[in-house]
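Overview (structure and organization)
Take a look at the letters that make up each chain.
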Amino acid sequence: MKAAVLYEPGKALRLEEVELDPPKEHEVRVRIAAAGICRSDLHFMKGEAKITLPAVLGHEGAAVVEQVGAGVTTVKAGDHVILSFVPNCGRCYFCTMGRTNLCDTHAATGANLFDGTTRLHKNSQRIYHMGKVACFAQEAVVPESGCIPIPKDFPMAQAALIGCCVTTGVGAAMFSAQVQPGSAVAVVGCGGVGLNVIQGARLLSASKIIAVDINDASLEFAMRFGATHMVNSKAQDPVAKIRELTGGLGADYTFEVFGSAETVEVAFNSCRKGGTVVVVGLAPLSQRAAIDPVALVRFEKTLKGSYYGSSRPSLDMLRMVDLYKGGKLNLDDLVTRHYKLDDINKAYDDLERGAPGRGVITSF
Ligand code: COD
Ligand code: ZN
């Protein structure tokens, strides 16, 4: 089957034929229907984050079940599923305490499947599976716990987005920050994930939602998802502007949704006393943010990380499905570009150029 393989950071993804072995126990073979173009994959392509190579990237996907391995009971051939990039073992400390997005067994096995091997290979060379999803391909073998069944009439491109940017973004507002009605929110970085922090904050009845980005088109686009104010941080000092817009106080909640030391600092410094700073982006491995420890203490700020929106993916993705069906989440306008798998490198060029909204591969 055809897949987009990353062999070396800094090089384009190579589209080639690879082999995919049948699913083992508690694994499922799926045909990919939609795969989202998320910045996290780009971090691996640029070498800003580490993954064992060669690897098939892609962690935001929706698919149709083709074949199930031994012992699989929760899905069957023909089912439509959202793929989770943190499938969970159900037995480790974090799964037992209900924090399934932090599953230790998933972290320990990384871009292998749970048994520590890959189903992907090219002749004798192993190929790794990003997030145990690897959906920049025609097909994938994924853990059963990474398959979240959805109704067959649910649109697949929108379903794919629930696999990452929706759950990560809406979850950051809903579960990590628990935004209170009437509060002031600032979102630094308004791409696919940031737009969902914005619409999550709108859903939770924030009264002021300040979108911060370096790209005017992304800011304009953010207004359609609930932003009430725009700040171009290339043209204005974002910290001063957020303070001005919040009566000198700073925002109740600030979200960093790009992934850099600089944007973490903007989020920290524009949060009010007693407020909450939520960091969603992964900064390049070499960077360190300058956080003033005195401000942290004297201003009683809460600084927290948010991974997969602090969600329990298999439970909370179904809430996103229902919120969309109830007209409370706008996923239709999020999808701004459709691509063929063959054009994946162009899709990432468009992301880097700052095209607003989300690109989705819908032809394989
Ligand atoms: N200040 C403000 N905005 C900026 C700046 C800046 N200095 N630089 C760039 N931006 C804007 C861009 O113009 C763009 O609009 C936006 O930031 C980024 O949007 P996208 O669409 O390119 O990126 P997303 O939304 O797909 O991804 C953002 C993440 C923060 C999720 C990603 O970069 C990341 O760090 N992922 C790792 C963390 C994680 O949880 N990964 C799991 C799967 S996502
Ligand atoms: Zn993602």
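Up top is the structure these notes are about.
Below: a short report on this structure. Just so we're clear, the structure is a prediction, and the values are computed from it rather than from any experiment. (Residues numbered from 1 in each chain as written. Chains lettered and ligands numbered in written order. Predicted model: local features only at pLDDT ≥ 70, side-chain atom pairs only at ≥ 80, totals over all residues. Heavy atoms only, no water.)

Attention now moves to the packing of aromatic side chains. Inspection of every chain in the model, using the stated rule, returns six aromatic pairs. With 6.1 Å between their ring centres and 70 degrees between their planes, Phe136 and Tyr348 make a pair best called edge-to-face. Highlighted residues: Phe136 in the loop between β9 (125-129) and β10 (139-143) and Tyr348 in helix α11 (residues 344-352), separated in sequence by 212 residues. Here a set of aromatic residues connected by ring pairs shows up, and it is made of Phe85, Tyr307 and Tyr308. Its guanidinium or amino end placed over the ring of Tyr7, Arg14 lies 4.1 Å from that ring's centre, counting from NZ or CZ. Positioned over the ring face of Phe268 is Lys301, at 4.7 Å from the centre of the ring. (Phe/Tyr/Trp six-rings, centres within 6.5 Å; stacked < 30°, edge-to-face > 60°. Helix = DSSP H or I, 4+ residues; strand = E, 2+ residues; numbered from the N terminus. Lys NZ or Arg CZ within 6 Å of the ring centre and 35° of its normal.)

With that out of the way, let us pick up the sheet that holds strand β14 (residues 229-232). Reading across from one edge, β14-β13-β12-β15-β16-β17 is the order of the six strands in this open sheet, with parallel pairing throughout. Only two strands of the sheet have a single neighbouring strand rather than two, namely β14 and β17 (302-305). Sheet twist, expressed as the average angle between the axes of neighbouring strands with direction ignored, equals 15 degrees. Strand direction decides the pairing type here: strand β12 (residues 184-188) and strand β15 (residues 251-256), joined by four bridges, are parallel. Bridge pairing links Val187 to Phe255 in β15. Along the sheet, helix α4 (residues 156-177) contacts β15, β16 (271-279) and β17; its crossing angle with β15, the most-contacted strand, is approximately 130 degrees. (Pairing = 2+ DSSP bridges. Axes fitted to C-alpha atoms, helices over the stretch in contact; angles between N-to-C directions. Contact = heavy atoms within 4.5 Å.)

On to the nonpolar core. If you look at the biggest cluster of nonpolar residues, it comprises 95 residues, and the most contacted ones within it are Val30, Leu57, Leu83, Phe136, Val166 and Phe255. Ranked by the residues each element gives to this core, the list is headed by α4, at 15 residues. Per-domain counts for this core show at least three residues from each of domain 1 (2-155 + 332-363) and domain 2 (169-306). The contacts of Val166, once residues within four sequence positions are left out, are Leu161, Gly171, Asn196, Met320, Leu329, Leu331 and Leu334. (Core = buried A, V, L, I, M, F, W, Y, C linked by side-chain atoms within 4.5 Å. Buried < 20%, exposed > 50% of the residue type's maximum accessible area, 1.4 Å probe, protein only. Domains from an automatic or database assignment.)

Not every one of the 28 residues close to ligand 1 is listed here, only the nearest: Arg39, Ser40, Asp213, Leu282 and Arg358. Between His43 and ligand 1, the recorded distance is 2.8 Å, taken from a side-chain N or O atom to an oxygen atom. Between ligand 1 and Phe258 there is a distance of 3.0 Å, counted from an oxygen atom to a backbone nitrogen or oxygen. Here ligand 1 loses 94% of its free accessible area of 890 Å² to cover by the protein chains. Looking at the shell around ligand 1, the elements that each hand over two or more residues are α1 (39-45), α5 (192-203) and α8 (261-269). Broken down by element, the shell around ligand 1 gets its largest block of residues, three residues, from α1. Classifying every residue of the shell around ligand 1 by side-chain character gives 13 nonpolar, eleven polar and four charged. Taken domain by domain, the makeup of the shell around ligand 1 includes at least three residues from each of domain 1 (2-155 + 332-363) and domain 2 (169-306). (Near = heavy atom within 4 Å. Polar contact = N/O pair within 3.5 Å; in protein donor to acceptor, adjacent residues only side chain to side chain. Areas by Shrake-Rupley, 256 points an atom, 1.4 Å probe, with all protein chains shown as cover. Nonpolar A, V, L, I, M, F, W, Y, C, P; charged D, E, K, R; others polar.)

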